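Analysis of the macromolecular model
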Amino acid sequence: AEHILDAGNIPVIQVDRGGHVTYHGPGQFVIYPLVDIKRLGLGVKALVAGIEPAVIDVLANYGITAGRLEKAPGVYVDGVKIASLGLRIRKGRSFHGLAFNIDMDLEPFTRINPCGFQNLQVTSLAALAGDVNMEEVESRLLSRLAAALGYNGGFRVVAEGLPGVAG
């Protein structure tokens, strides 16, 4: 709660995952890979090591060099966050996941300390690359996530959510 500066009319939803507070809204992919990491023989670090590079690869397709920061999960471009990662592992299964800013209003991030970091700047793919096609980005991202996690059949979208702040 201490990282929510001014939620205004944006609903705040308390969740039990790592990563402190973030914002979810239109123009952002929020992907929660529900993975049985025990069955796949993965640990938490291996799961993260599959998710972050998938985003980095997608950004590279747009000529954007991105990377990770030590002790700050997510994906960054020149120290500016473009994708957040907040996982919960229970009984060998992952919950929650990734929020990748594609083409969205970034103003709500000024109302929070994103991921618990004061003054952390946030960006989007569209802000860096111009006009982007959401379906194309979705296809590339899901393909890369599926490959990184060893799923030959890929993933499928099961639901779409509403905007809000997740803490």
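Above this text sits the structure in question.
Residues numbered from 1 in each chain as written. Predicted model: local features only at pLDDT ≥ 70, side-chain atom pairs only at ≥ 80, totals over all residues. Heavy atoms only, no water.

1. Quick notes on the pattern of salt bridges
Applying the stated criterion to the full structure yields four salt bridges. Arg 68 is the partner of Glu 52 in a salt bridge, and the nearest nitrogen-oxygen pair spans 2.2 Å. You can see Glu 52 sitting in helix α2 (residues 44-60) and its partner Arg 68 sitting in strand β4 (residues 67-69), a full 16 residues away along the chain. Overall, Glu 52 belongs to the buried group, its relative accessible area being 2%. A salt bridge links Arg 111 to Glu 107, with the shortest nitrogen-to-oxygen separation between them at 3.2 Å. (Salt bridge = Lys/Arg side-chain N within 4 Å of Asp/Glu carboxyl O. Helix = DSSP H or I, 4+ residues; strand = E, 2+ residues; numbered from the N terminus. Buried < 20%, exposed > 50% of the residue type's maximum accessible area, 1.4 Å probe, protein only.)

2. Quick word on the packing of aromatic side chains
One pass over the structure, following the stated rule, counts one aromatic pair. With a centroid separation of 5.7 Å and 80 degrees between ring planes, the pair formed by Tyr 23 and Phe 109 is classed as edge-to-face. Remark: Phe 109 occurs in the loop between β7 (93-101) and α3 (125-129) and Tyr 23 occurs in strand β2 (residues 22-24); sequence separation between them is 86 residues. Each member of the pair, Tyr 23 together with Phe 109, is buried. (Phe/Tyr/Trp six-rings, centres within 6.5 Å; stacked < 30°, edge-to-face > 60°.)

3. Side note on the nonpolar core
Ranked by internal contacts, the top residues of the largest apolar core, which has 31 residues, are Leu 59, Leu 98, Phe 100 and Leu 141. Listing elements by their share of this core, those giving two or more residues are β3 (28-31), α2, β5 (72-77), β6 (80-90), β7, α3 and α4 (134-148). At eight residues, the largest contribution of residues to this core is made by α2. The contacts of Phe 100, once residues within four sequence positions are left out, are Gln 28, Phe 29, Val 55, Val 58, Leu 59, Ile 82, Ala 83, Val 137 and Leu 141. In terms of nonpolar packing, the next biggest core, distinct from the first, is built from seven residues, Ile 10, Val 21, Met 104 and Phe 109 among them. (Core = buried A, V, L, I, M, F, W, Y, C linked by side-chain atoms within 4.5 Å. Contact = heavy atoms within 4.5 Å.)

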